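Below, each chain spelled out in residue letters.
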Amino acid sequence: MSEKVSIKEIAAKANVSIATVSYVLNGTRNVRPKTKERVLRVIEELNYQPNDIAKSLKSKKTNTIGVIAEDVTVFNVPEIIDGINDYADGHDLHIVLTNLRLHKRVGHHYADVEAYRKYAANAVSDLMSKQVEGIIYVGIHPRDVTGLIDTRDKPIVYTYCYTQNDLSIQYNDEQAAYDSVCYLRDKGHRRIAVITGLMDSIPSRLRFNGYYKAVMEHQLPFEPQLIKVGDWGLDSGLRATKELLELAEPPTAVLVMNDVMAAGTLRAAWEKGIRVPEELSIIGFDNREFSDYLKPRLTTMDLPLHEMGYSSMRSLMRMVNGEPIEPVPMPACVMLERESVAPPNGVQTS
């Protein structure tokens, strides 16, 4: 039987009024047990499916949340959306997803807000027409997007980006870089280099802060020649690593601020005949899928993306339900120890 069966058809087959069927479906009035049993039997026979939209008009709640993803093809977004869906599945919520496709449209030019403002505005309008109760905005690069969209007083939570006035769920870049350097130091390394991403990037600055803090705290060498600036791409990791390996006193370990550049670091070491990890230890960032297939397998920092999505949804629903907004602690990154880190030659660790 079609899902489009109507209450009128149920009433006719059960030989009751439309109002009686409505009372049974909504539990708004008592119906005689025999009559109720007959109506329920017909509902089951016809495989009646309630109209969620009609129900929402009566209750004024749709249990529907809009998700604006800047680009679902970028590595961080799918896992965040999975966390959002995980929460939704456990709380009988519906998700409407809109993909802005920003990476294809503007590449890495995220600072040019005017180039994609209309796409974001259109996404909001589309979600509003679907009667969403709130919105989660999922970025593809951590940055300030204040003023990008107007949600018309609908609750909104940002993740992997932020605004000056709204709740945002982020992870702790600085702590992750700090922990990485401490991990290398505990392995016996002292000359620890760093390859950054573009320095106008918030993750680059925060990760560099963590590197600097650990180096200073443990009184490790802090020398300009151990700091190289990349652009997040493989070739920049390749170039920067070759420069490091040509130093009179090269580093024994390098923190690379993303796995793509770290792949370039591995290639540079191979081209120069440097063994990893015996002569050079490498830590990446992001836990990209390919990092587990490199040779050697890359030790890297795993971002708490699923947790960020889940936490974003939980916080948004507190806002939708008018509950107090609690401070959200930054989810921590987790070190995935694989095969690209070892103590430097001649150093024993406990």
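Relevant structure appears above.
Residues numbered from 1 in each chain as written. Predicted model: local features only at pLDDT ≥ 70, side-chain atom pairs only at ≥ 80, totals over all residues. Heavy atoms only, no water.

S.K.: Before we go on, may I ask you to explain the overall build of the protein chain in this structure?
M.R.: The helix and strand tally for the protein chain stands at twelve helices and eleven strands. For 350 residues, the compact-globule formula gives about 20 Å, and the C-alpha radius of gyration of the protein chain, at 27 Å, lies well above that figure. The buried share of the protein chain, taken over its 350 residues, is 47%. For the protein chain, the share of sequence-separated contacts (at least 6 apart) that also reach a separation of at least 24 residues comes to 71%. Total accessible area on the protein chain stands at roughly 18000 Å², and carbon and sulfur atoms take up 48% of it. Between the averaged position of the 41 positive side-chain charges in the protein chain and that of its 46 negative side-chain charges there is a distance of 8 Å. (Helix = DSSP H or I, 4+ residues; strand = E, 2+ residues; numbered from the N terminus. Rg over C-alpha atoms; globule rule 2.2 N^0.38 Å. Buried < 20%, exposed > 50% of the residue type's maximum accessible area, 1.4 Å probe, protein only. Contact = heavy atoms within 4.5 Å. Areas by Shrake-Rupley, 256 points an atom, 1.4 Å probe, with all protein chains shown as cover. Lys, Arg positive; Asp, Glu negative; His and termini not counted. Charge placed at Lys NZ, Arg CZ, Asp CG, Glu CD.)

S.K.: Honestly, a negative patch on the surface in this entry has me stumped. Any pointers?
M.R.: Taken together, Glu79, Asp82, Asp86 and Asp89 make up a surface patch of like negative charges. Position of Asp89 relative to the elements: it lies in helix α5 (residues 76–90). Of the residues examined, Asp89 reaches a relative accessible area of 64% and is grouped as exposed. (Patch = residues over 30% accessible without salt bridge, like charges linked within 9 Å, V, L, I, M, F, W, Y side chains within 5 Å. Salt bridge = Lys/Arg side-chain N within 4 Å of Asp/Glu carboxyl O.)

S.K.: Would you mind showing me how to read the packing of helix α8 (residues 173–186) against helix α9 (residues 202–217) here?
M.R.: Two quantities define a packed helix pair, namely the angle between the helix axes and the distance between the axes. α9 packs onto α8 with a crossing angle of 40° between their chain directions and a minimal axis gap of 7 Å. When the axis of α8 is compared with that of α9, the two are oblique. As for how α8 packs across α9, the hand of that crossing is right-handed. Counted together, Asp173, Glu174, Ala177, Tyr178, Val181 and Cys182 of α8 and Pro203, Leu206, Arg207, Asn209, Gly210, Tyr211, Lys213, Ala214, Val215 and Glu217 of α9 form the full contact between these two elements. Here the residues of the contact of α8 with α9 sort into nine nonpolar, two polar and five charged. (Axes fitted to C-alpha atoms, helices over the stretch in contact; angles between N-to-C directions. Parallel < 35°, antiparallel > 145°, perpendicular 65-115°, else oblique. Left-handed = near helix turned anticlockwise from the far one by under 90°. Nonpolar A, V, L, I, M, F, W, Y, C, P; charged D, E, K, R; others polar.)

S.K.: Explain the side chain of Thr241 here, please?
M.R.: Among the structural elements, Thr241 can be located in helix α10 (residues 234–245). When its relative accessible area of 2% is taken as the criterion, Thr241 is described as buried. Aside from chain neighbours lying at most four places away, what touches Thr241 is Ile195, Thr265, Ala268 and Leu280.

S.K.: Can you walk me through the pairing of strand β1 (residues 64–69) in this structure?
M.R.: Along any regular strand the residues' side chains alternate between the sheet's two faces. In terms of residue burial, β1 counts as a mostly covered element, since six of its six residues are buried. Residue alternation in β1 divides its side chains into two sets, Thr64, Gly66 and Ile68 and Ile65, Val67 and Ala69, and both sets are buried. Note: β1 against strand β2 (residues 94–99), six bridges, orientation parallel. Following the sheet pairing, Ile65 is matched in β2 by Ile95. (Pairing = 2+ DSSP bridges.)

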